[in-house]
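Chains, contacts and geometry: an overview
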Amino acid sequence: MARQLLSFAFQLLHVARKLLGQRMFDRLMKMTFYGHFVAGEDQESIRPLIRHNKAFGVGSILDYGMEEDMSPEEAERKEMESCTSEAERDSSGTNKREKQYQVHPAFGDRRDGVISARTYFYANEAKCDNYMENLLKCIEASGGASDGGFSAIKLTALGRPQFLLQFSDVLTRWRRFFHQMAAEQGQAGRAAVDTKLEVVVLQESIAKMGIASRAEIEGWFTSETLGVSGTVDLLDWNSLIDSRTQLSRHLVVPNVQTGQLEPLLSRFTEEEEQQMKRMLQRMDKARETGVRLMIDAEQSYFQPAISRLTLEMQRRFNVDKPLIFNTFQCYLKDAYDNVTMDMELARREGWCFGAKLVRGAYMAQERARAVEIGYEDPVNPTYEATNVMYHRCLNYVLEELKHRPKAEVMVASHNEDTVRFTLCRMEELGLHPDDGQVCFGQLLGMCDQISFPLGQAGFPVYKYVPYGPVMEVLPYLSRRALENSSIMKGAQRERQLLWQELRRRLRTGNLFHHPA
């Protein structure tokens, strides 16, 4: 239904453009939808809006909103081509990725069923360079016009998604292997952060599989790499396939279906390796500008790779303060494990944790894909369960912030209950808004009744600020108009409730004055 409504809205906009002509259509859009949801066409025209919001205590997360207008058939074709490796095209089907990480024609158009997220389809390296050029302009505007702001980035716009699929498959299989070993040691069902394997027992199990000789296996688990605890946790385990080690070249894991040992890492062609390197180079280029980056979350079959690459950037750049923020989608069943493990890794390695918490944009699509292709649904069973997961992750992070003054979290939510929950926990934990450890985020043109009262009350709050030429952001505008129609119905009630809460806190003074 949502897809049909979006298509209808998009068709109406195109009809209006033909009737009015491009010039009049652009003027009309800037007076209506475009003017409400988009900041401007380029980095210069967005400056007045950024300054205006800043005057009311609202910062900016700049986001180049361009999306290519293409048919579902063209989107499917591009996705199938860009997510299939040369080896898969040439082979008879051996050594394939697990089902979740294989491209499927029924879900080739990743826009289907998605309202609140932009979608990019790989065409060629030149298109990625063009996106990068526009992103750098966005970052320049963020640094020049929005002191302390962010720029948002999607990794599927920076390179061929085949690499993300393959790397996600590797990370997931390796993590599953860890949990299989944990089950053998009687630790099935434990939270990831609490699961610790006995090294001696683990070495024995791996030796029995015939993966490597006992001497080689003992060389993997040394005090230099794992400490002297005699146990291995998931962070230790993941470090074994870190790019800083040579072990990954020799690793194999058991195939869940066949029970046979298979290479963990597939071979890339020379061109595929170059594409992968260029994606990583584009990430580095974005960070060199000095502006804080918000790495957006994407579908679960891309996300393990996206999170791992983000983590590598955090290790390098989040030294004195969080400059790179990862995004955690709380509709996923493993959201809590992911948040707690990243927080623990930051503590262990001494870098600054930075996260954005969202409920997630791909819930319906993810569930339908899992059913159709035949793998375990990665999504929480109900919307209520997702709310519980969100508050569980948020509560954990807030409690950790009390002990880690350089860690930060963005509560990216349009849900007034979540905002009130955050305000209450901040007060209880003594987290002061002036310290900047907790900030809030909403989309431009939506939930102003949340954003501006927070900003005027002294809380760090940011708007996702899309910009770009009118015709290039039409897909975004179509979705925003559809989504906003339902949200606006409750806006007046939400505004009154939130103002009441903020006035009460202003009267108590607990959140707005440091203790003497």
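Everything discussed here concerns the structure shown above.
For the structure given in this document, a descriptive report is provided here. (Residues numbered from 1 in each chain as written. Predicted model: local features only at pLDDT ≥ 70, side-chain atom pairs only at ≥ 80, totals over all residues. Heavy atoms only, no water.)

**Things to note about the pairing of strand β1 (residues 58–64)**
Most of β1 is tucked away: seven of the seven residues are buried. Where burial is concerned, the two faces of β1 agree: the one with V58, S60, L62 and Y64 and the one with G59, I61 and D63 are both buried. Across seven bridges, the pairing between β1 and strand β12 (residues 461–467) is parallel. The residue bridging D63 from the neighbouring strand is P466, located in β12. (Buried < 20%, exposed > 50% of the residue type's maximum accessible area, 1.4 Å probe, protein only. Helix = DSSP H or I, 4+ residues; strand = E, 2+ residues; numbered from the N terminus. Pairing = 2+ DSSP bridges.)

**Observations concerning the nonpolar core**
Core analysis: the biggest nonpolar cluster contains 100 residues, and L164, F221, W237 and F440 have the highest contact counts within it. Per-element tally for this core: the top contributor is helix α8 (residues 161–184), with 11 residues. Of the residues that make up this core, three or more belong to each of domain 1 (32–150 + 267–485) and domain 2 (170–266). The residues touching L164, leaving out its near neighbours within four places in the chain, are L155, T156, M279, Y301, F302, A305, I306 and L309. With 23 residues, the next largest nonpolar core counts F37, F150, A412 and C439 among its residues. (Core = buried A, V, L, I, M, F, W, Y, C linked by side-chain atoms within 4.5 Å. Domains from an automatic or database assignment. Contact = heavy atoms within 4.5 Å.)

**Some thoughts on a nonpolar patch on the surface**
Taken together, the side chains of V15, L19, L20, M24 and L28 present a nonpolar region at the surface, about 470 Å² in accessible area. Secondary structure elements with two or more residues in the nonpolar patch: α1 (2–20) and α2 (22–31). Residue L19 is classed as exposed on the basis of its relative accessible area, which comes to 71%. (Patch = residues over 30% accessible without salt bridge, like charges linked within 9 Å, V, L, I, M, F, W, Y side chains within 5 Å. Areas by Shrake-Rupley, 256 points an atom, 1.4 Å probe, with all protein chains shown as cover. Salt bridge = Lys/Arg side-chain N within 4 Å of Asp/Glu carboxyl O.)

**With respect to the pattern of salt bridges**
Applying the stated rule across the entire model yields 31 salt bridges. For R282, the salt bridge identified is with E125, shortest N-O distance 2.9 Å. With R282 in helix α13 (residues 270–287) and E125 in helix α7 (residues 125–145), the pair connects residues that are 157 residues apart, well separated along the chain. As far as the burial class goes, R282 and E125 line up, both buried. With a shortest N-O distance of 2.5 Å, E344 and R347 are connected by a salt bridge. Note that E344 and R347 are positioned in helix α15 (residues 335–349) at a spacing of three residues, about one turn of the helix. Overall, the relative accessible area of 14% leaves E344 in the buried class. By sharing partners, the salt bridges in this structure join E125, D129, E271, R278 and R282 into a single network.

**Section: the pairing of strand β9 (residues 354–358)**
Successive residues of a regular strand alternate their side chains across the two faces of the sheet. Burial analysis of β9 places five of its five residues in the buried class, which makes it a mostly covered element. Of the two faces of β9, the one carrying G354, K356 and V358 and the one carrying A355 and L357 are both buried. Once the chain exits strand β8 (residues 324–329) it traverses α15 before rejoining the sheet at β9, and the crossover so formed is right-handed. In terms of strand pairing, β9 meets strand β10 (residues 408–412) through four bridges, oriented parallel. Each bridged residue has a counterpart across the sheet, and for L357 the counterpart in β10 is V411. (Right-handed = clockwise from strand over helix to strand, strands pointing away.)

**Concerning unusual backbone geometry**
The phi dihedral of C447 falls on the positive side, at around 55 degrees, and the residue is not glycine. By the secondary structure assignment, C447 is in the loop between β11 (438–443) and α19 (448–456). Judged by relative accessible area, which is 2%, C447 ranks as buried.

**Topic: the packing of aromatic side chains**
Taken as a whole and assessed by the stated rule, the structure comprises 14 aromatic pairs. Considering the side-chain rings of Y120 and Y131, the 5.1 Å spacing of their centres and the 70 degrees angle between planes classify their relative orientation as edge-to-face. Placement of the pair is Y120 in the loop between α6 (86–90) and α7 and Y131 in helix α7, with a sequence separation of 11 residues. Each member of the pair Y120 and Y131 is classed as buried. For the ring pair F440 and F459, a centre distance of 6.1 Å and an interplane angle of 80 degrees mean the geometry is edge-to-face. Note that F440 is positioned in strand β11 and F459 in the loop between α19 and β12, a separation of 19 residues in sequence. (Phe/Tyr/Trp six-rings, centres within 6.5 Å; stacked < 30°, edge-to-face > 60°.)

**Examining the sheet that holds β11**
A barrel is described by the order of its strands in space; here eight strands give the closed sequence β1-β2-β7-β8-β9-β10-β11-β12, paired in parallel fashion. Averaged over neighbouring strand pairs, the angle between their axes works out to 30 degrees when direction is ignored. Bridge count for strand β7 (residues 292–295) against β8 is two bridges, and the pairing is parallel. Across the sheet, residue L293 finds its bridge partner in β8, namely I324. Together, β7, β8 and β9 form the strand contacts of helix α14 (residues 303–317), whose direction differs from that of β8 by roughly 150 degrees. With respect to the sheet, helix α18 (residues 416–429) is in contact with β10 and β11, its orientation differing from that of β11 by roughly 170 degrees. (Axes fitted to C-alpha atoms, helices over the stretch in contact; angles between N-to-C directions.)

These figures come from the coordinates and say nothing about function on their own.
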